[in-house]
Amino acid sequence: MLHPARLWKSLKENKLQCRLCSHFCIIESGEHGICGVRQNVDGQLMTKTYDRVAALNIDPVEKKPLYHFLPGTKTFSLGTQGCNFGCEFCQNASLSQHPKTGRDITGQKVTPETLVDAAIAHNCESISFTYSEPTVFFELMQDTARIAHSKGLKNIMVSNGFQSPECIDELTGLIDAANIDLKGFNNDFYTEICNGKLSPVLENLKHMKKNGWWVEVTTLLIPGKNDSADELKKLAAFIAGELGERVPWHISRFHPDFKMLDCGITPMKTLTRARNIGSDAGLEYVYVGNVPGDEHSTSFCPSCNKELIKRFGFDMENVGLEQGMCKFCGCELNGVFK
């Protein structure tokens, strides 16, 4: 199951440094990085996730969530075990945290070629690297994305945004769209609850935009943890000022999970307040997720405010969009459309 890893450098005494994500783990011989799936084997970095997919589904692209990238299409979604974060609220902990317990990596044996062939056979227009953290299965993602592009498919990454700058540059030209979790806007939240850091995520978001990726941002609002008005104002101001007012922001409702079972569901008034904060910051597309039927999942024209795409859960109905433009006033909706 071991496969040669990429993005690392040798150090003295058989140690090495993984250069894949912003942890930049120093790994001694025989040991693993924080993700649990990259191992120093006699001074060589190896990955355990190249040929083992633990989750595989055909999803609507809206589930990623991506609302402005090929809406209404299907995406072939896959993920392996492992993650470079340790979020206490993780909704996929059985995938993300499994390798950190020392257990063997499990999953369906695959190759990049068979994944692309399956995506085409199921009439998908894209492949999504998702579910756990695709950074930790970088080699499988990179090779699959190359073949996908050669066959006319787009590539999507759903990520915590904690890559190294080198990793983003390696994926530029292969990844067409990304939804990045901006989990909060204070570093204590990242270090104490997520086992990460805020600043690399902010820099990486800017890096992705500069490199031409289509980017949408998601924030899961957890009561009493990352939902203060002051923090949300700073977060919305960052998106508007550094990424652009036309970058979609998805505000997602929290449900108790993993180690945060004693935390309640996000109140609707908190989600509404966050949406208003985003709009006040100048963001043109602010959406509320995990609340089926809520009107705030609809895409409105930023010019005439007419409904363009109506959504219920992951289903969508195009009511006013023609070739990416509002059929009522001709305003162009920001995004990638068929």
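These remarks concern the structure in this document. (Residues numbered from 1 in each chain as written. Predicted model: local features only at pLDDT ≥ 70, side-chain atom pairs only at ≥ 80, totals over all residues. Heavy atoms only, no water.)

## Remarks on the overall build of the chain
Counting its regular elements, the chain contains 8 helices and 21 strands. The C-alpha radius of gyration computed for the chain amounts to 20 Å, which stays within 12% of the reference 20 Å derived for 338 residues, consistent with globular compactness. Projected onto the principal axes, the alpha-carbon positions of the chain cover approximately 65 × 45 × 35 Å. Out of the 338 residues in the chain, the part that is buried amounts to 55%. Pairs at least 24 residues apart make up 66% of the contacts formed inside the chain by residues separated by at least 6 positions. Carbon and sulfur atoms form 47% of the exposed surface of the chain, whose accessible area is close to 14000 Å². Here the chain holds 36 positive side-chain charges and 40 negative ones, and the gap between their average locations is 1 Å. (Helix = DSSP H or I, 4+ residues; strand = E, 2+ residues; numbered from the N terminus. Rg over C-alpha atoms; globule rule 2.2 N^0.38 Å. Buried < 20%, exposed > 50% of the residue type's maximum accessible area, 1.4 Å probe, protein only. Contact = heavy atoms within 4.5 Å. Areas by Shrake-Rupley, 256 points an atom, 1.4 Å probe, with all protein chains shown as cover. Lys, Arg positive; Asp, Glu negative; His and termini not counted. Charge placed at Lys NZ, Arg CZ, Asp CG, Glu CD.)

## Overview of the pairing of strand S13 (residues 177-181)
Of all the 5 residues making up S13, 4 are buried; the element is thus mostly covered by neighbouring parts of the structure. Handedness of the β-α-β unit built from strand S12 (residues 154-159), helix H4 (residues 165-171) and S13 comes out right-handed. Two strands pair when backbone bridges link them, and S13 and strand S14 (residues 214-221) are joined in this way by 5 bridges, in the parallel orientation. Looking across to S14, one finds that Ala 178 is bridged to Val 215. (Right-handed = clockwise from strand over helix to strand, strands pointing away. Pairing = 2+ DSSP bridges.)

## Re the state of the cysteines
Evaluation of the coordinates by the stated rule reveals 0 disulfides. Between Cys 35, a cysteine without a disulfide, and Cys 18, which holds the nearest cysteine sulfur, the sulfur-to-sulfur distance is 6.6 Å. Looking at Cys 35, the relative accessible area reads 6%, which means it is buried. Distance from the sulfur of Cys 83, which forms no disulfide, to the nearest cysteine sulfur (Cys 87) is 6.4 Å. (Disulfide = S-S within 2.5 Å.)

## A look at the side chain of His 68
By the secondary structure assignment, His 68 is in the loop between strand S8 (55-60) and strand S9 (74-79). Classification of His 68 by relative accessible area gives buried; the value is 0%. A polar contact is formed between the side chain of His 68 and the backbone oxygen of Asn 334, at a distance of 2.6 Å. If near-sequence neighbours (up to four positions away) are discounted, His 68 is found in contact with Trp 214, Glu 216, Pro 248, Tyr 285, Tyr 287, Ser 299, Leu 333, Asn 334, Gly 335, Val 336 and Phe 337. (Polar contact = N/O pair within 3.5 Å; in protein donor to acceptor, adjacent residues only side chain to side chain.)

## Section: the pattern of salt bridges
Applying the stated rule across the entire model yields 12 salt bridges. Residue Lys 64 is joined to Asp 59 by a salt bridge in which the shortest nitrogen-to-oxygen separation is 3.0 Å. This pair shows no difference in class: Lys 64 is buried, exactly as Asp 59 is. Where Arg 146 meets Asp 143, a salt bridge forms, and the shortest distance between an N and an O atom there is 3.6 Å. Within this pair, Arg 146 and its partner Asp 143 are both found in helix H3 (residues 138-150), separated by 3 residues, close to a single helical turn. Ionic contacts of the salt-bridge type, sharing partners, join the residues Arg 6, Asp 143 and Arg 146 into one network. (Salt bridge = Lys/Arg side-chain N within 4 Å of Asp/Glu carboxyl O.)

## What to know about the environment of Gln 323
By secondary structure assignment, the location of Gln 323 is in the loop between strand S20 (321-322) and strand S21 (325-326). Residue Gln 323 is classed as exposed on the basis of its relative accessible area of 77%. Linking Gln 323 and Ala 274, residues 49 residues apart in sequence, is a C-alpha distance of 31 Å.

## Here's the deal with the side chain of Thr 80
In this fold, Thr 80 is placed in the loop between S9 and helix H1 (93-96). Residue class for Thr 80 comes out buried when judged on its relative accessible area of 0%.

## Quick look at the sheet that holds strand S11 (residues 126-129)
Taken together, the 8 strands give an open sheet; going across it, the order is S8-S9-S11-S12-S13-S14-S15-S16, and neighbouring strands pair in mixed fashion. Of all strands in the sheet, those with a lone pairing partner are S8 and strand S16 (286-289), marking the two edges. Across this sheet, the average inter-strand angle for adjacent strands is 20 degrees, counted without regard to direction. Pairing of strand S15 (residues 249-253) with S16 involves 4 bridges; the strand directions are parallel. Within S16, the residue paired with Ser 252 across the bridge is Gly 289. (Axes fitted to C-alpha atoms, helices over the stretch in contact; angles between N-to-C directions.)

## Regarding the packing of helix H2 (residues 112-121) against H3
Closest axis-to-axis distance for the H2/H3 pair is 9 Å, and the angle between their directions is 50 degrees. When the interaxial angle is binned, H2 and H3 end up oblique. In the crossing of H2 with H3, the sense of the turn from one axis to the other is right-handed. Counting all contacts with H2, which are made through Pro 112, Glu 113, Leu 115 and Val 116, the residues of H3 involved are Leu 140, Asp 143, Thr 144, Ile 147 and Ala 148. Tallied by class, the residues present in the contact of H2 with H3 amount to 6 nonpolar, 1 polar and 2 charged. (Parallel < 35°, antiparallel > 145°, perpendicular 65-115°, else oblique. Left-handed = near helix turned anticlockwise from the far one by under 90°. Nonpolar A, V, L, I, M, F, W, Y, C, P; charged D, E, K, R; others polar.)

None of this, on its own, says anything about what the molecule does.
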